[in-house]
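# Coordinates in review
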Amino acid sequence: MASPAIDARGVDKYFGRFQALDGLDLTVETGRIAGFLGPNGSGKSTTIRVLLGLLKADGGTVRLLDGDPWKDAVTLHRRLAYVPGDVALWPNLTGGQAIDLLGRLRGGLDKARKEDLLARFELDPTKKARTYSKGNRQKVALVAALASDAELFILDEPTSGLDPLMEAVFTRCVLELKERGRTVLLSSHILSEVEKLCDTVTIIRQGRTVESGTLEDLRHLTRSSVRATVIGDPRALGALTGVHDLAADGDRVSFDVDNEHVDTVMRALTALGVRSLVSNPPSLEELFMRHYGDETAVLDGDGGNAK
Amino acid sequence: MSALTGTGTLTRFILRRDRVRLSVWTLSLVGVTAMTVPTLDETFSTPAQRQARAALMETPTGVVFGGPGYGLDDYTLGPMMVNEMTMSLLIALAVMSILHVIRHTRAEEESGRAELLRAGVLGSGAQMTAALVTIASINLLIGGLTGAVMAGYGLETVDSLVYGLGLGLAGLTFGAITAVCAQLTEHGRAASGLAFLAVGVLFMARVVGDLAEEGGNALSWASPFAWVQQTRIFDDPRWWPMALYPLAIALLFGVAYALARRRDLGAGLIPGRPGPAEAGPLLNGVLALHLRQQRGAIIAWSVAVFLFAISFGTLATEVEGMLEQNPDIVALLGDASDDATAGFLSVMSGYVIMAAGAYAALSVLRARSEETAGRAEVVLATAVGRIRWYGAALAVSVLSATLIVVLGGLGIGIGAFAVTDDSSWIGTMLEAVLSQLPMALAFGALSALVVGVAPRLTSLVWVWLGYSVFATMLGALLGMPDWALELSAFGILPRPPLDDFDVVPVAIASAVVVAAFAAALAGFRRRDLTTA
């Protein structure tokens, strides 16, 4: 297998005394769509700026498309496209002019694809950028990036200003990139988006990678939620290892179960006589809450059995 | 709820928000008057000196910058003040009023803050009224203090105070013009551009009218710039032209309110026009992008410097007579000299270099604001390297400053040629400004170095530029010691045609400038990009 499109190991970055990145690891295999999750201020945009060679890492190693993003910025940038989280455009240029300009600076864009994207994103390219809303500025950057023939797309919270219809358009565009074998790094805090699109997920917090792997890998670490209607008294289930947050209301019961204990818990459940059963895989929402919600969990007195 | 509900609260809020900004305007404008009155008094102390100065005010250039020239026959301190200072003060008040009114009306709407406020308990006319109440107060305060300062120096009290009131009302008239402009376009910058254009046209109307006929014709009377001087204050006072201000103000406010009632919040009466859907073939690189961003500013600076240079050049012959009458002028011009014309023109060439230096610095700082706004990030994430992006920005600074310098030298030469019939002045002045070009570029280079290496120290550039301008213009007059004068950027190089051209210092200065540009590029290549 080819070397990864992005391979960052142990990256440190300081702004004065403030440590923005603290030994961050991020690997994205070629042809994959990688989700990059973290709350505001966790270092997502800083990481991306290091990957783009806009910031210089203070420690660790960063490889991007087999190059050094700081030293080989220009050659690497011909092969990638970037959409910033907060798109700033030239107020006196129209959206169409900005798209063409960015395309020319990268080394050309596909005109037919550009027209197609303008139509799909319903963007009016004749308006001056100062009249665009945040969402429309984001569309300008998205059209400029997606109309290019880049190998790697680095998208920093690209849908934060888009409405749900446009988010759906964006989702289809990213899936098309995947069909064409392109690599995508998608930073987001919209979990459903990452869940829908991404092969792998890296979760960071305070400049540190706290979890990374395929969605499947991460789900093994977590719990499924179960809702059931049973004939017997379900309260005894609460005593089983691996069962959390059990709530019983007459014959109805809901609880979470650690995936490694599903087997024993299900046996106990069927022994009670199951009338109906709904089980959901853990959502990314829950993964996320486990990493960012522990302060809340501690406050709720739930800290002890969270792990 | 009336249309004015909440005006009082909003007025206090504006004064709170702009307390520093408005204090600086007030103190600097009143301070300029307070410093100018005694300076004029001391510089032109004998009747002969004063009449020589009055003769200067009768020249076309004197009319452009001075006014219709009332009181020149007996040019005492009062008429002198009115002729020498009025246009500068009115222009400053116009700039202040335009910026203030746009800032608190159209710019608020454009940013969406007005929407937030209007959703609360606030009348539809409250924001404009609060903007106008505050700009009226500040104009009248500045006018009143100016009048009081003049009276304090012993000028006739009534005339001084009426003059101050006239200044304040003129400033408010410009504010009222701006209030109308703010209704027309959707964008603050377009609205203030429109207001500046309107004020510029009114200024030119007064100039053309006053040049066409002594004391001004109908065209002058159409301009608020004329009315305060048309009262013939300190000369042969007549007060009725003052009544034109309240009339114009009432009319303009009426129009502004009527227009405001007819439109939606955020909408303009002139709808924004769509632009091209595709970039033209010229917009194909970073140099084109930087030039595009500064196109308007470069044209405006070049034209302004060229026109001012021509008008300074036409003074070439007047100076000799003036110097014979008043040796103190030599101090004002910064240099004792046997050849008055050459001395005067070399000082004027220094002004051109100052303007070009200021633009060279501004131009580089535009690159810095591209960076902090996040637009540099978008470009540098494409196949554009640091050196190419920053190098193009510095090239624009160098090219535009050079253009301004050449036009300035050409302008002085043409002006001097027009009054002396000696065409060699054009070549002489071009050589003069070009030999000082490194000093104009030095400010671009210094800005470049600061932005490239230590962007936080940007304001230092303005400290040195401000000091240099101050020392050059007033240093000799104030009797500053030589070493202090030599700290000025404009004191470093010899200044032809008065001084002889000397290749050594010019070569050294050029080498320093080139080295600073190179160090700036190297620094920018190495540092992190900062985004606010």
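Anything mentioned here points back to the structure above.
What comes next concerns the included structure.

Definitions and cut-offs
Residues numbered from 1 in each chain as written. Chains lettered and ligands numbered in written order. Predicted model: local features only at pLDDT ≥ 70, side-chain atom pairs only at ≥ 80, totals over all residues. Heavy atoms only, no water. Salt bridge = Lys/Arg side-chain N within 4 Å of Asp/Glu carboxyl O. Helix = DSSP H or I, 4+ residues; strand = E, 2+ residues; numbered from the N terminus. Buried < 20%, exposed > 50% of the residue type's maximum accessible area, 1.4 Å probe, protein only. Pairing = 2+ DSSP bridges. Axes fitted to C-alpha atoms, helices over the stretch in contact; angles between N-to-C directions. Contact = heavy atoms within 4.5 Å. Buried area = accessible area lost by both parts, 1.4 Å probe. Polar contact = N/O pair within 3.5 Å; in protein donor to acceptor, adjacent residues only side chain to side chain. Nonpolar A, V, L, I, M, F, W, Y, C, P; charged D, E, K, R; others polar. Patch = residues over 30% accessible without salt bridge, like charges linked within 9 Å, V, L, I, M, F, W, Y side chains within 5 Å. Areas by Shrake-Rupley, 256 points an atom, 1.4 Å probe, with all protein chains shown as cover. Expected span 1.5 Å × (residues − 1). Bend = angle between axes of the 7 residues up to and from the residue.

## Topic: the pattern of salt bridges
By the definition in use, this model includes 33 salt bridges over all chains. Measuring nitrogen to oxygen at the nearest pair gives 2.9 Å for the salt bridge that ties A:Glu176 to A:Arg120. Placement of the pair is A:Glu176 in helix H6 (residues 164-179) and A:Arg120 in helix H4 (residues 111-120), with a sequence separation of 56 residues. Given the relative accessible area of 31%, A:Glu176 is considered partly exposed. On the accessibility criterion, A:Arg120 (22% relative accessible area) is partly exposed. Here B:Glu109 makes a salt bridge to B:Arg106, at a shortest N to O gap of 3.6 Å. Placement of the pair is B:Glu109 and B:Arg106 together in helix H6 (residues 106-111), with a separation of 3 residues, close to one helical turn.

## Observations regarding the sheet that holds strand S6 (residues 152-156) of chain A
All names here are of chain A. An order of S5-S6-S7-S3-S8-S9 is seen for the 6 strands of this open sheet, with the pairing classed as mixed. The sheet is open, and its two edges are formed by strand S5 (80-83) and strand S9 (208-214), each paired on a single side. On average, adjacent strands in this sheet sit at an angle of 15 degrees to one another, irrespective of strand direction. Inspection of the sheet shows S5 paired to S6 by 4 bridges, in the parallel sense. Each bridged residue has a counterpart across the sheet, and for Leu80 the counterpart in S6 is Leu152. Contacts from helix H1 (residues 44-51) reach strand S3 (33-37), S5, S6, strand S7 (183-188) and strand S8 (200-205) within the one sheet, and its direction differs from that of S7 by about 150 degrees.

## Considerations on the interface of chain A and chain B
Between chain A and chain B, the contact holds 37 residues from the first and 38 residues from the second. Taking both sides of the interface into account, the surface hidden between chain A and chain B amounts to around 3200 Å²; carbon and sulfur atoms contribute 57%. It is A:Leu54, A:Trp90 and A:Leu105 in chain A that bury the most area against chain B; as a group they hold 21% of the surface buried on that side. Inspection of the chain A/chain B interface yields 4 salt bridges. The residue A:Lys114 makes a salt bridge to B:Glu278 at a minimum N-O spacing of 3.7 Å. In this assembly, chain A and chain B are joined by 20 residue pairs in polar contact (both at pLDDT 80 or more). Mapped by element, the contributors of at least two residues to the side of chain A that touches chain B are helix H2 (73-77), S5, helix H3 (95-106) and H4 of chain A. Looking at which element gives the most residues to the side of chain A that touches chain B, the answer is H3(A), with 8 residues. Broken down by class, the residue content of the side of chain A that touches chain B amounts to 17 nonpolar, 8 polar and 12 charged.

## Points about a nonpolar patch on the surface
Together, B:Phe501, B:Val503, B:Val504, B:Ile508 and B:Val512 line one region of the surface with nonpolar side chains, adding up to about 490 Å² of accessible area. Looking at the secondary structure, you find B:Val503 in helix H23 (residues 503-526).

## A look at helix H14 (residues 286-313) of chain B
Residues and elements named next belong to chain B. Taking 1.5 Å per residue as the helical rise, H14 with its 28 residues ought to reach 40 Å, and the 38 Å between its terminal C-alpha atoms agrees with that figure. The largest bend in H14 comes to about 60 degrees, at Gln294. Turning to H14, its buried residues are Val286, Leu289, His290, Gln293, Gln294, Ile298, Ser302, Val305, Ala309, Ser311 and Gly313.

## Describing the sheet that holds strand S11 (residues 243-249) of chain A
All names here are of chain A. Sheet architecture is open: 4 strands sit in the order S11-S12-S10-S13, paired in antiparallel fashion. The strands lining the two open edges of the sheet, one partner per strand, are S11 and strand S13 (274-280). Neighbour-to-neighbour, the strand axes of this sheet turn through a mean angle of 15 degrees, independent of strand direction. Here 6 bridges tie strand S10 (residues 223-230) to S13, and the two strands are oriented antiparallel to one another. Note that in S13 the partner of Val230 across the bridge is Val274.

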